Structure formats: structure tokens, C-alpha cells
Amino acid sequence: MDKNSKILLGLVSMLVLGLSFTSCDDGDIAEAKSMTLKDGYVVRLTGSLTNVSSWSSLGKSYTLVVAGFAEGDSFPTISKIIPPSAESLDITLSGMENSVSTIELCAINSIYKRVVSYDTIFSFQDNPGWDPRDTIFYEADGQDVSVYNGIYCKLLAGKGKCFRCHGSGNAPADLHLVGKEASYSELVAMESKTTPGFKRVSPGDAENSILYRVATTAKSDGVTLPWHYDHVSNVDGLDYNNQKLLRDWITAGAKID
Ligand code: HEC
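Everything quoted here is computed from the prediction, not taken from an experiment.

Participant: Please clarify how the sheet that holds strand S4 (residues 63–70) should be interpreted in this entry.
Facilitator: Within a sheet, each strand pairs with its neighbour through backbone hydrogen bonds, oriented either parallel or antiparallel. One open sheet accounts for 4 strands, arranged S5-S4-S7-S8; its pairing is antiparallel. Pairing within the sheet leaves two strands with one partner each, and these edge strands are strand S5 (78–81) and strand S8 (114–123). Ignoring which end each strand starts from, the neighbouring axes of this sheet average 25° apart. The sheet contact formed by S4 and S5 spans 4 bridges and is antiparallel. Bridge pairing in S5 links Ala67 to Ser79.

Participant: Help me out: how do you make sense of the site of the ligand in this one?
Facilitator: Contacts to the ligand come from 24 residues, most closely from Cys162, Cys165, Pro172, Ser192 and Thr194. Those elements that place two or more of their residues in the shell around the ligand are helix H1 (147–156) and helix H3 (210–216). A total of 3 residues in the shell around the ligand trace back to one element, the largest contributor, which is H3.

Participant: Teacher, can you tell me more about the environment of Val66 here?
Facilitator: Within the secondary structure, Val66 is located in strand S4. A tally of 25 C-beta atoms within 10 Å means that Val66 is categorised as buried. Remark: the alpha-carbon pair of Val66 and Ile81, spanning 15 residues in sequence, is separated by 6.6 Å. Discounting residues that sit within four places of it in the chain, Val66 has contacts with Leu45, Ser79, Lys80, Ile82, Ile91, Leu93, Ile103, Leu105 and Ile121.

Participant: Got a minute to help me understand the packing of H1 against helix H5 (residues 240–251) in this structure?
Facilitator: When two helices pack together, their arrangement is captured by the angle between the axes and the distance separating the axes. Relative to each other, H1 and H5 sit at 150°, their axes nearing to 11 Å. When the interaxial angle is binned, H1 and H5 end up roughly antiparallel. The handedness of the crossing between H1 and H5 is left-handed. Across from Val147, Tyr148, Ile151 and Leu155 in H1, the residues of H5 making contact are Asn242, Leu245, Leu246 and Trp249.

Participant: In this structure, what is going on with the packing of H1 against helix H2 (residues 180–187)? I would like to understand it.
Facilitator: The geometry of H1 relative to H2 is characterised by a closest axis approach of 10 Å and an angle of 95° between their N-to-C directions. Accordingly, the angle class assigned to the pair H1 and H2 is roughly perpendicular. Taking contact as the criterion, the partners of Tyr148, Asn149, Tyr152 and Leu156 in H1 are, on H2, Lys180, Ser183 and Tyr184. The residue makeup of the contact of H1 with H2, split by class, is 4 nonpolar, 2 polar and 1 charged.

Participant: What am I meant to see in H2 here?
Facilitator: Along H2, the residues classified as buried are Lys180, Ser183, Tyr184 and Leu187. Buried residues of H2, seen end-on, are gathered within an arc of 100° and therefore sit on one face of the element. Along H2, exposed side chains directed more than 90 degrees from the buried face belong to Glu181 and Ala182. Contact partners of the buried residues in H2: H1 and H3.

Participant: Please clarify how the pairing of strand S7 (residues 100–108) should be interpreted in this entry.
Facilitator: Residues in a regular strand project their side chains so that they alternate between the two faces of the sheet. With 9 of 9 residues buried, S7 lies mostly within the body of the structure. Bridge count for S4 against S7 is 8 bridges, and the pairing is antiparallel. When the sheet's bridge partners are listed, Phe69 is paired in S7 with Thr102. As defined by bridge partners, S7 adjoins S8 across 7 bridges and the pair is classed as antiparallel. Within the sheet, the bridge partner assigned to Leu105 lies in S8 and is Asp119.

Participant: Please clarify how the pairing of strand S3 (residues 42–50) should be interpreted in this entry.
Facilitator: In this sheet, strand S6 (residues 89–94) lies alongside S3 in antiparallel orientation, the contact comprising 6 bridges. Looking at the pairing, Val42 lines up with Ser94 of S6. For S3 and strand S9 (residues 136–144), the ladder comprises 8 bridges, and the chain directions are parallel. Within S9, the position partnered with Val43 by the bridge is Ile136.

Participant: Got a minute to help me understand H1 in this structure?
Facilitator: Given 3.6 residues to a turn, an α-helix orients residues that are three or four positions apart in the same direction. With 10 of 10 residues buried, H1 lies mostly within the body of the structure. Burial in H1 covers these residues: Val147, Tyr148, Asn149, Gly150, Ile151, Tyr152, Cys153, Lys154, Leu155 and Leu156. Taken from the residues just after H1, Gly158 is the one with a positive phi, measuring 110°.

Participant: Looking at this structure, how should I read unusual backbone geometry?
Facilitator: For residues that are not glycine, phi is negative in most cases, and the peptide bond is trans in most cases. In this structure, Ala189 takes a positive phi of about 65° despite not being glycine. Exposure remark for Ala189: the 12 C-beta atoms within 10 Å place this residue in the exposed category. The backbone phi angle of His228 is positive, close to 55°, even though this residue is not glycine. Of note, His228 is situated in the loop between H3 and helix H4 (231–234). His228 sits in the exposed class, given 10 other C-beta atoms within 10 Å.

About the criteria used
- Residue indices follow the written sequence of each chain, beginning from 1 at its first position.
- For this predicted model, a pLDDT threshold of at least 70 governs which residues receive local features, and a threshold of 80 or more governs which side-chain atom pairs are given and counted, while totals over whole chains, interfaces and linings are taken from all residues.
- Between any two strands, at least two bridges found by DSSP are needed for them to pair.
- Runs of E in the DSSP output that reach at least two residues are strands. Runs of H or I that reach at least four are helices, and both are numbered from the N terminus.
- The axes used here are C-alpha line fits, helices contributing only the stretch in contact, and every angle between their N-to-C directions lies in the interval 0 to 180 degrees.
- A residue counts as near a molecule or strand when its C-beta atom, positioned from the backbone, falls within 6 Å of it.
- Think of it as a crowd count around each C-beta: if 20 or more other C-beta atoms lie within 10 Å the residue is buried, if 12 or fewer it is exposed, and in between it is partly exposed, with C-beta placed from the backbone throughout.
- Contact criterion: two residues are in contact if their C-beta atoms, reconstructed from the backbone, are within 7 Å.
- Each angle gets one of four labels, with under 35 degrees taken as roughly parallel, over 145 as roughly antiparallel, 65 to 115 as roughly perpendicular, and the rest as oblique.
- Crossing handedness follows the turn of the near helix against the far one: under a right angle anticlockwise gives a left-handed crossing, and clockwise gives a right-handed one.
- Residues are grouped as follows: Ala, Val, Leu, Ile, Met, Phe, Trp, Tyr, Cys and Pro are nonpolar; Asp, Glu, Lys and Arg are charged; all remaining types, including Gly, are polar.
- Arc, as used here, means the arc of the directions from the helix axis to the C-beta atoms.

Here it is, written out as C-alpha cells:
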């Protein structure tokens, strides 16, 4: 599912760099100090995205944005909303603070914290010699910015996460989480193997969804876990914000788009 997006270089040269991005951004922000002044930089986002209105279907808590982050920070120093109705994009970000280190396509929550990052549009430390007079062009080519794709990229896929056990082949509870569509169909409205009578995800009802219980119940809470494995204490990523994201997604109907 690799998607190639391209940064078109410079008004002057129109040279096309073959930088490729996957549709899952690990969210690992590399470290470096940039000494350039950034207020002259301009980022222009054009093209189109898929499922742009997905986040607004969760209510007012989340917003899809293009945003600039300082190194290691999860609160943007600058951001622009991507309108949920936008069919084709034309968004310009300018007036950046010097601390900005990456520009990302991401979703933020009500306290402005990044919950999911889909792509790094530009990284200042990877392009130290960038001439600020050259607009940074980013042409989106239909990336899926749905809530579920965000959950999939951030929570399920990637090193040290669910794939470690629930990969392809033999998997605990016969639950395979590799692939966006495949994982969705093994989760949503599917009977739980460990807790008969419950669905893994029951759209609209987080409390009675085994996925949500697995993601929020630790053994230290004094309960016997029907799934025999304390995910909360042992699996990366099950922090408060991600638990809330799962809850909000299930409550809003657990849609794939
Ligand atoms: C270290 C291995 C391991 C990892 C990593 C892991 N799980 Fe599990 N998971 C298990 C085991 C073991 C069970 C219980 C199997 C049983 O009791 O039959 C389980 C059960 C489940 C169930 C219950 C399924 C059902 O049908 O009742 C869900 C949902 C689940 N895991 C989701 C996840 C998610 C989401 C992640 C990543 C955030 C994850 N797991 C990561 C080992 C793991």
C-alpha cells in the first residue's frame, strides 16, 4: 500500500525529487537542530485526499490539519485546517516559527495535540540547504485520511505493536491485523473468540466492544482477563489518547471511511 507522493521542488527549477512516502508515518520525529530562519518559508499543499470528512464525523474533538511541529513536540506551533468539504486542496502555510522542524499532514484533538500523523510533508533537518524563497510544494495524491486508517497506521501497524502477535499466519484468538481492510473486517461486527456473546467491535458501543476492553483493561485493575494477556501493560501505544481515539471511533459508528 505504498503511495508515492512527490515534493515538487522550487518555482525556479521545477525539478521533481523522487522522495517517496508511505501512507503510514511512524510518527518518529528525528532529531536535529535547525539554525535557519523559517518565517520566510511557504508550504503549499494541493491535490486531493480521500475521506477528508472522516474526522469531523467524530464531532468537534478532532481536526484534520497541515501543521508545523518543533522537534519532539506533539503540539503544533502552526496549523491550518483542511476543510472537511474540500474536494481539491489548495492550502498555504506561511509565517513559520524558527522552531518548526517538520510539516505534517495529521489530525489533532481538542487540546491541539497530534493524535495521528499520516505523512511528513517536509522535514527541515532532511533539507538543510533549502532556499526559503522556493515554495515547498506538496501534491497529495488521494491518501486515505480516514480515522480508521489513522488508527491502523498508528496503533496496529508498525514495529513492536499488534503485528508482533496478530500478524498473518497463526495468531492469538485467530485475530489477524495486517492490512487495513483485512484488519477492519476481522474486528468490526465480528464475534469475539475470547469473550463469547460479545463483538470485537460493536459499532456505537465502545464499552461492549472487546477491542476497547482489551485496549483499556490492565491486570492490575483486579479483573480476570478473558483474553489472558494484559495488553495495556505490555503492548506499545495503549495510552490515554489512543484509548480515547478508539472509544470515539467506535462510538461514532466504527466506520472505515
Ligand atoms: C505479545 C502478543 C500480543 C500483542 C503484541 C498483542 N496481542 Fe492481542 N492478544 C494476544 C493474546 C495472547 C490474546 C488472547 C488469546 C486467547 O486468549 O485465546 C489476544 C487477544 C486479543 C483480542 C481479543 C480477540 C477476541 O476475539 O476476543 C483483541 C481484540 C486483541 N488481542 C487486540 C490487540 C491489539 C489491538 C493489539 C495491538 C495494540 C494487540 N492485540 C497486541 C496477544 C497479543
